[in-house]
Amino acid sequence: MASTNRSAAEWQALDSAHHLHPFTDHKELHEKRSRIVSGADGVYIYDADGGKILDGMSGLWCVNVGYGRKELADAAYRQMQELPYYNSFFQCTNPPAVELAALLQEISPPQFNRVFFTGSGSESNDTIVRMVRTYWDLMGHPGRHTIISRRNAYHGSTVAAASLGGMAPMHKQAGLPIPGIEHIEQPYWFGSDRSLSPEAFGLETARALERKILDLGADKVAAFIGEPIQGAGGVIIPPSSYWPEIQRICDEYGILLISDEVITGFGRLGTWFGAEHVGTRPDFMPFAKGVTSGYMPLGGVFVSDRVADVLIDKAGEFAHGYTYSGHPTACAVAIENLKVIQREGLVERIRDDIGPYLKTRWLELAAHPLVGEARMVGLMGAIELVRNEEPVERFDKSVGAGTVCRDYAIESGVVMRAVGDSMIIAPPFTLSHDEADELIERARMALDKTLDTLKP
Ligand SMILES: *Cc1c(COP(=O)(O)O)cnc(C)c1O
């Protein structure tokens, strides 16, 4: 291993000197020093200081089958010896890419028979922007180029994907969004004034899509994109009225629906895809993260027959692709990962066993004096930290309640992520009942310490 012959302090000094991190304030990082994660097994990560931490976030929502899976390492090793890399350009293909495409077709909803491979979720969404606009050009509607998304959505970090996303701090830097992308409000009931019932609020926020379409002109609107459950935005679970109304509106105006499955794909909600959980029939499903459980970088786009048939029939060459589209080693690892999920019945396990169990335990945290709401679906959950529960009073932003709680969580031995004052989790699918209990116990410790600090 690379990590054997340097001390933690040496790693940190070199890191500060040479390594620019994603989504990081480097001045702050250099004062605090980075945490060196040097090993992992099952649902635990180990840091260079000897800490054993329960990974409540599956890395970044991706290590779904847990760490230390020898079968995935073996699949990569075998494929690297056979054919480590070859491209899928110039009328070439390779067995793992074909095998994976066929397997993905089997597990996906019936409107999907084709898949385009990329290296990440961001690249998948960039690909979709080009496919959507090309589709409408080929259909004889070149004016139909606008894609509607939602505030606080996360669709990736490349220029087009960050534009599709609705993160204000991302848009502030470098002149985003690009033209032809519009944002409407998100279905975040707890973040609203709560004057409507959740169901009425769900309908109302879905109808923002219809108002935006009518405002822009239906002949200008190409597609709507949304995560079934918003992840990076804070695990926003929409009221059950929301997605059926979005589907109705897309159908009524002939607009393509993109279900961003980068987090919700491959089982996290107790269904293979989030679209199945919320009951939509998307035209595109971008995926990444969980397709390999993060063991190799790989992404892709499910393209529905409605779109793929037109692209294949009329586009000639679709002038788009990545060096690593259909990367044989990444695809071999993805095949093995999906087989593990099938063999161990992990999707059913989330639906019938660990999902309901963890949800029951997680919702108990709502009784804590710092928690205004606890919510969970599948293995994605959030709690909202509040200064006062009834009536709800949020902390002032300057308090940084979420960050305080996140640091106490690590200290207590569990990774939870802070999104503003929401604490979120998305643990591996293999989490046992005992580990779920441990996660709750450690989260409660973090809440207690946060309470002591913020309300002495
Ligand atoms: C992480 C994420 C992306 C971006 O994926 P990358 O592999 O980081 O480019 C896109 N959409 C959603 C919903 C995500 O959570």
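Every value quoted in this text rests on a predicted model; they were computed, and no experiment measured them.

**A few points about the sheet that holds strand β13 (residues 417-419)**
The four strands lie next to each other as β11-β12-β14-β13, forming an open sheet whose pairing is antiparallel. Of all the strands in the sheet, just β11 (371-377) and β13 have a single pairing partner and so form its edges. Sheet twist, expressed as the average angle between the axes of neighbouring strands with direction ignored, equals 20 degrees. Together, β11, β12 (380-385) and β14 (422-425) form the strand contacts of helix α15 (residues 354-363), whose direction differs from that of β11 by roughly 175 degrees.

**Focus: the side chain of Thr146**
Inspection of the secondary structure puts Thr146 in strand β5 (residues 146-150). Given the relative accessible area of 14%, Thr146 is considered buried. With near-sequence residues (within four places) excluded, Thr146 lies in contact with Gly180, Glu182, Leu216, Lys220, Val221, Ala222 and Ala223.

**Some points on the packing of helix α5 (residues 95-107) against helix α13 (residues 328-343)**
Interaxial distance between α5 and α13 falls to 8 Å at its minimum, and their mutual angle equals 35 degrees. Every pair of crossing elements has a handedness; the one defined by α5 and α13 is left-handed. Contact with α5, carried on its side by Pro96, Ala97, Glu99, Leu100, Leu103, Leu104 and Ile107, involves Pro328, Cys331, Ala332, Ala334, Ile335, Leu338 and Gln342 of α13 and no other residues of that element. Class assignment for the residues of the contact of α5 with α13 results in 12 nonpolar, one polar and one charged.

**Remarks on the site of the ligand**
Around the ligand lies a shell formed by Ser120, Gly121, Ser122, Asn125, Tyr154, His155, Gly156, Glu227, Asp260, Val262, Ile263 and Lys289. Between a nitrogen atom of the ligand and a side-chain N or O atom of Asp260, the distance comes to 2.8 Å. Alone, the ligand offers 380 Å² of accessible surface; in the complex the protein occludes 84% of this. For the shell around the ligand, the residue count by class is three nonpolar, six polar and three charged.

**Concerning the layout of surface pockets**
To find leftover empty space, a probe the size of one water molecule is rolled over the atoms. Of the voids in this model, the second largest pocket is the one considered here, and its volume is about 940 Å³. Together, 27 residues line the second largest pocket, and Ser88, Val115, Phe116, Phe117 and His320 are the ones closest to its centre. Those elements that provide at least two residues to the lining of the second largest pocket are α5, β4 (112-118) and α12 (305-314). Ranked by residue count, the leading element in the lining of the second largest pocket is β4, at four residues. Partitioning the lining of the second largest pocket into residue classes produces 17 nonpolar, eight polar and two charged.

**Quick look at the side chain of Arg69**
Mapped onto the elements, Arg69 comes out in the loop between α3 (58-61) and α4 (70-82). Residues contacting Arg69, with those up to four places away along its chain left out, are Tyr295, Val340, Glu344 and Thr430.

**Considerations on the pattern of salt bridges**
If you walk through the whole model with that rule in mind, you get 27 salt bridges. As a salt-bridge pair, Arg35 and Asp47 come within 2.8 Å of each other at their nearest N and O atoms. With Arg35 in the loop between α2 (26-32) and β1 (37-41) and Asp47 in strand β2 (residues 44-47), this pair connects stretches of sequence that are 12 residues apart. Among the salt bridges present, the one from Glu71 reaches Arg69, with a minimum N-O distance of 3.2 Å. Within the structure, one salt-bridge network assembled from shared partners comprises Arg207, Glu210, Glu245, Arg248 and Glu252.

**Considerations on the sheet that holds β2**
Read from one edge of the open sheet, three strands run β1-β2-β3, paired in antiparallel fashion. Looking at strand neighbours, the two that pair on one side only are β1 and β3 (52-54), the edges of this open sheet. With direction set aside, neighbouring strand axes in the sheet form an average angle of 30 degrees. Note: β1 against β2, four bridges, orientation antiparallel. When the bridges of β2 are listed, Gly39 appears paired with Tyr46. Packed onto the sheet, helix α17 (residues 433-454) meets β2 and β3 and runs at close to 100 degrees relative to β3.

Thresholds applied
Residues numbered from 1 in each chain as written. Predicted model: local features only at pLDDT ≥ 70, side-chain atom pairs only at ≥ 80, totals over all residues. Heavy atoms only, no water. Pairing = 2+ DSSP bridges. Helix = DSSP H or I, 4+ residues; strand = E, 2+ residues; numbered from the N terminus. Axes fitted to C-alpha atoms, helices over the stretch in contact; angles between N-to-C directions. Contact = heavy atoms within 4.5 Å. Buried < 20%, exposed > 50% of the residue type's maximum accessible area, 1.4 Å probe, protein only. Left-handed = near helix turned anticlockwise from the far one by under 90°. Nonpolar A, V, L, I, M, F, W, Y, C, P; charged D, E, K, R; others polar. Near = heavy atom within 4 Å. Polar contact = N/O pair within 3.5 Å; in protein donor to acceptor, adjacent residues only side chain to side chain. Areas by Shrake-Rupley, 256 points an atom, 1.4 Å probe, with all protein chains shown as cover. 1 Å grid on protein atoms, 1.4 Å probe; cavity = no way out; pocket = protein on both sides within 12 Å on 5 of 7 lines; lining within 4 Å. Points joined across faces, edges and corners; volume = space filled by probe spheres on them. Salt bridge = Lys/Arg side-chain N within 4 Å of Asp/Glu carboxyl O.

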